[in-house]
Amino acid sequence: MTSHQSLDEYLTEVRRLQAAARPAGIPAEVSHPAGRITIPAHVSHWAAERPDHVALAMGDTRYTYAELDDAHRRVATWMSQHGVGRGDRVAIYLGNSTEFVIAFLAVLRLGAVHVPVNPMFQPAELAYELLDSEPVLVVTTSALSPVLEACADRVPDLPVLLVDSTGELGWDSATSAEPYAGDDGDLESLAALNYTGGTTGMPKGCQHSQGHMLYTVVSAAAATAMPDDGSYVSLCYLPIFWIAGEDLGILIPLVLGGTSILMARWNAAEVVDTIERERVTLMTGTVENYLELMETQDLAQRDLSSLEDPQAVSFIRKMTPEVRRRWAEVVPGSVLRESAYGMTETHTIDCVPYGFAQDDFDLLAEPVFCGIPVPGTDVAVVELGTQTPVPLGEVGEIIVRSPSVTDGYWRNEEATREQLVDGWIHTGDNGRIDEQGFLHYLGRRKEMIKVNGMSVFPADVEMLLAQHPSVDSVAVVPTDDERTGQRPVAFVVPRPEADLTPDELVTWAKANMAPYKVPLVKVIGSLPLTATGKVRKHELADDAAALNAGVPS
């Protein structure tokens, strides 16, 4: 393959290689177990087919498909009576809960737009996302209401549905309405704004349809042999406001007619009990999660045989043959693997390493082995900022084209033009496709910082810190950290005559942004700049590392 190939010629060759590499028994095309219908229609379909099958559970709360179908239809009626209609945005500002899932389904049934909001957001972050998405309703809890109220000076007054309250604006009222008879959603219209950060501004709303959601499920199911006979049981403690959590904890189980088991947060003992009790077949966690299970739980004495496809994500600690071997010793027959390559813009599941664990082929490949694309998805590696493919084995920018690629960024035509070209999303990630057609991920070109697996974008933190009245300018850079993987470090130039201390700014940051975004702070006289006025961030890296080294663990 030469660098002069057209993209079409390149794809023909890459697809041929990937078809030859596809594991035996994995189809090249997707199938739809209930047809190409909306996500709420899937719940109704399974309610007719298997009404008493558990669809959703969390703690002692359980919903069969019949009950889930009824509950979300009632909430849809309440929302409709309170002004929610097709195309209207509804902000769901909740942690993992059955109410989150029910509200999500109700929003989609109305043809409205789901806007998941990080429940760790503080006022400045929440205000930005609400102002950008302009919801007509916020679904939240009494515990989070004070943060919403703290936005009152920045955000117009919004109706609120409290899931832990009674009365006209409470969950009891919503679930007592008559069931909504119709389904006003479709597969093509805007159905979700999943916010992602960026390097040149505040977070952007990735526009996704129900068609994107459905394709994500059926393509992942085809690529990893997920069953649709009701035996699929996922355990999700990932936040379901994340698009990855949405896939695992809502979309995949409900489209396949399986069961979603939610947890509020990671708890090793509870995870083991739940896998054994609920016969969980799939869960996704960090490598640290699996290490904790092996080090603190007597797994050899527990029946975890149902766990067919445990998936790990390497945020800080990495998946290695040794980790896999240790897992196989305590959970015989269960093969631990890396999860998937993807991003919010593509609904997250683009390439999977499923089926390549023999002799640790996937883990011994260098660098990060992502496998082959799910059915219907194309991945190419091109010269940065172009559609020109690089030869196999050479490094370039990963671009992705699939039926789940975002339609664009909400009210941001410039970002849409820059990253979405002829149906291809330019990921900003370095990668290569080898001579067998496998994708390898080498790291992000974007200035993204990973703190305990959470994405922190420097521009986001910079713009939030810039709201402080004493801050003149700020540059945020990453530094490596043994406990969290990375940490953001902010170099701040105060306004003239301002008496700004690092402790003061950290205290302010803790009150205005999610905990994982709060940076270490150094107050300096000026930032190093290029001749064109850009910050030379690489010159700050050593100072950032030194500052972090002086912070007690």
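Conventions adopted
Residues numbered from 1 in each chain as written. Predicted model: local features only at pLDDT ≥ 70, side-chain atom pairs only at ≥ 80, totals over all residues. Heavy atoms only, no water. Helix = DSSP H or I, 4+ residues; strand = E, 2+ residues; numbered from the N terminus. Rg over C-alpha atoms; globule rule 2.2 N^0.38 Å. Buried < 20%, exposed > 50% of the residue type's maximum accessible area, 1.4 Å probe, protein only. Lys, Arg positive; Asp, Glu negative; His and termini not counted. Charge placed at Lys NZ, Arg CZ, Asp CG, Glu CD. Pairing = 2+ DSSP bridges. Contact = heavy atoms within 4.5 Å. Axes fitted to C-alpha atoms, helices over the stretch in contact; angles between N-to-C directions. Phe/Tyr/Trp six-rings, centres within 6.5 Å; stacked < 30°, edge-to-face > 60°. Lys NZ or Arg CZ within 6 Å of the ring centre and 35° of its normal. Parallel < 35°, antiparallel > 145°, perpendicular 65-115°, else oblique. Left-handed = near helix turned anticlockwise from the far one by under 90°. Nonpolar A, V, L, I, M, F, W, Y, C, P; charged D, E, K, R; others polar. Salt bridge = Lys/Arg side-chain N within 4 Å of Asp/Glu carboxyl O. Polar contact = N/O pair within 3.5 Å; in protein donor to acceptor, adjacent residues only side chain to side chain. Right-handed = clockwise from strand over helix to strand, strands pointing away. Expected span 1.5 Å × (residues − 1). Core = buried A, V, L, I, M, F, W, Y, C linked by side-chain atoms within 4.5 Å. Disulfide = S-S within 2.5 Å.

K.L.:
Would you explain the overall build of the protein chain in this entry?
P.N.:
From N to C terminus, the protein chain includes 17 helices and 25 strands. Taken against the 2.2 N^0.38 rule, which gives 24 Å for 553 residues, the C-alpha radius of gyration of the protein chain at 24 Å falls within 12% of a compact globule. Along the first, second and third principal axes, the C-alpha atoms of the protein chain reach 70 × 60 × 50 Å. Looking at the protein chain residue by residue over its 553 residues, the buried ones come to 59%. Each charge class in the protein chain can be summarised by its mean position, and for the 40 positive and 77 negative side chains these summaries are 2 Å apart.

K.L.:
For this particular structure, what's the right way to read the sheet that holds strand 11 (residues 282-286)?
P.N.:
Hydrogen bonds along the backbone pair up the strands of a sheet, which may run parallel or antiparallel. Here we have seven strands laid out as an open sheet, ordered 2-1-10-9-11-12-13, and mixed in their pairing. Edge positions in the sheet fall to strand 2 (61-64) and strand 13 (337-338), since each has one partner strand and no second. Examined bridge by bridge, strand 11 and strand 12 (residues 309-313) share five bridges and lie parallel to one another. By the bridge assignment, Thr286 is partnered in strand 12 with Val313. Packing against the sheet, helix 3 (residues 65-81) makes contact with strand 1 (54-58) and strand 2, and its axis sits at approximately 95° to strand 2.

K.L.:
What exactly am I supposed to notice about the packing of aromatic side chains here?
P.N.:
Two descriptors summarise a pair of aromatic rings, namely the distance from one centre to the other and the angle between the planes of the rings. Across all of its chains, the model carries eight aromatic pairs by this definition. Lying across the ring of Tyr409, Lys204 places its NZ or CZ 4.9 Å from the centre.

K.L.:
What is the right way to look at the packing of helix 3 against helix 4 (residues 98-109) in this model?
P.N.:
Two quantities define a packed helix pair, namely the angle between the axes and the distance from one axis to the other. As a packed pair, helix 3 and helix 4 sit with axes 8 Å apart at the nearest point and diverge in direction by 60°. Classed by the angle they form, the pair helix 3 and helix 4 counts as oblique. Judged by the sense of rotation from one axis to the other, the crossing of helix 3 with helix 4 is right-handed. In this structure, helix 3 uses Leu68, Asp69, Ala71, His72, Arg73, Val75, Ala76 and Met79 to contact helix 4, whose residues at the interface are Ile102, Ala103, Leu105, Ala106, Val107 and Arg109. Tallied by class, residues from the contact of helix 3 with helix 4 come to ten nonpolar, one polar and three charged.

K.L.:
How should I be thinking about the pattern of salt bridges in this particular structure?
P.N.:
Opposite charge on two side chains permits pairing when their charged atoms draw close. For the structure on display, the rule yields 25 salt bridges. One salt bridge connects Glu276 with Arg302, and the closest N-O pair in it is separated by 2.9 Å. On the criterion of sequence distance, the pair formed by Glu276 in helix 10 (residues 268-278) and Arg302 in the loop between helix 11 (287-296) and strand 12 is long-range, its members being 26 residues apart. Residue Arg302 is classed as partly exposed on the basis of its relative accessible area, which comes to 28%.

K.L.:
Please explain the side chain of Asp481 as it appears in this structure.
P.N.:
Relative to the elements of secondary structure, Asp481 occurs in strand 23 (residues 471-481). Despite its burial, Asp481 remains without a salt bridge, the nearest opposite charge being carried by Arg487 at 4.1 Å. A polar contact is formed between the side chain of Asp481 and the backbone nitrogen of Thr484, at a distance of 3.0 Å. Once residues within four sequence positions are removed from consideration, Asp481 is found in contact with Gln486, Arg487 and Asn548.

K.L.:
What is the right way to read the packing of helix 2 (residues 39-49) against helix 3 from this model?
P.N.:
The N-to-C vectors of helix 2 and helix 3 enclose an angle of 140°; their axes lie 8 Å apart at closest approach. Taken as axis vectors, helix 2 and helix 3 run oblique relative to one another. Where helix 2 crosses over helix 3, the two elements pack in a sense that is left-handed. Contacts from Pro40, Val43, Ser44, Trp46 and Ala47 in helix 2 reach Tyr65, Ala66, Leu68, Asp69, His72 and Arg73 in helix 3. In the contact of helix 2 with helix 3, the residues fall into seven nonpolar, two polar and two charged.

K.L.:
Explain the pairing of strand 10 (residues 259-262) here, please?
P.N.:
Each regular strand displays side chains that alternate between the two surfaces of the sheet. Side chains Thr259 and Ile261 project from strand 10 onto one buried face, and the interleaved Ser260 and Leu262 project onto a second face that is buried too. In terms of strand pairing, strand 9 (residues 233-236) meets strand 10 through four bridges, oriented parallel. Looking at the pairing, Cys236 lines up with Leu262 of strand 10. Note on the crossover from strand 9 through helix 9 (residues 243-255) to strand 10: the handedness is right-handed.

K.L.:
Please explain helix 9 as it appears in this structure.
P.N.:
Each turn of an α-helix holds 3.6 residues, which means side chains three or four residues apart point in the same direction. Helix length check: helix 9, at 13 residues, gives a terminal C-alpha distance of 16 Å against a target of 18 Å (1.5 Å per residue), a shortfall beyond 12%. The buried fraction of helix 9 is high, at twelve of 13 residues. Within helix 9 the residues assigned to the buried category are Ile243, Gly245, Glu246, Asp247, Leu248, Gly249, Ile250, Leu251, Ile252, Pro253, Leu254 and Val255. Positive backbone phi, at 70°, marks Gly257, one or two positions downstream of helix 9.

K.L.:
Would you take a moment to explain the environment of Asp362 for this structure?
P.N.:
Structurally, Asp362 is set in helix 13 (residues 361-364). Spatially, the C-alpha atom of Asp362 lies 45 Å from that of Pro502, the residues being 140 residues apart in sequence. Residue contacts for Asp362: discarding those within four places in its chain leaves Arg324, Phe356, Ala357 and Phe369.

K.L.:
Any chance you could explain unusual backbone geometry here in plain terms?
P.N.:
Glycine aside, negative phi is the norm for most residues, and most peptide bonds take the trans geometry. One non-glycine residue, Glu134, lies in the positive phi region at around 50°. Take Glu134: it is sitting in the loop between helix 5 (123-133) and strand 5 (137-140). The backbone phi angle of Glu497 is positive, close to 75°, even though this residue is not glycine. Examined against the element boundaries, Glu497 turns out to sit in the loop between strand 24 (485-494) and helix 16 (502-512).

K.L.:
It is not clear to me how the pairing of strand 16 (residues 378-382) should be interpreted in this structure. Could you clarify?
P.N.:
Counting buried positions over the five residues of strand 16 gives five, a clear majority of the element. Judged by which residues are buried, strand 16 turns out to be covered on both faces: Asp378, Ala380 and Val382 on one side and Val379 and Val381 on the other are all buried. Where strand 16 meets strand 17 (residues 396-401), five bridges bridge the pair, whose relative direction is antiparallel. Residue pairing in the sheet places Ala380 in a bridge with Ile399 of strand 17.

K.L.:
Please explain the nonpolar core as it appears in this structure.
P.N.:
One broad trend across soluble globular proteins is that nonpolar side chains are buried collectively. Counting residues in hydrophobic clusters, the biggest one holds 92 residues, and the most contacted among them are Met79 and Val139. With nine residues, the single largest contributor to this core is helix 4. Ala57, Ile275, Met283 and Met319 belong to the second largest nonpolar core, which has 27 residues in total.

K.L.:
When you look at the state of the cysteines in this model, what are you seeing that I'm missing?
P.N.:
Simply put, disulfide is the name for a covalent bond between the sulfur atoms of two cysteines. Using the criterion set out here, one finds zero disulfides in the structure. Cys351 takes part in no disulfide bond, and the closest cysteine sulfur to it belongs to Cys370, at a distance of 6.3 Å. According to the relative accessible area criterion, Cys351 is buried, its value standing at 0%.

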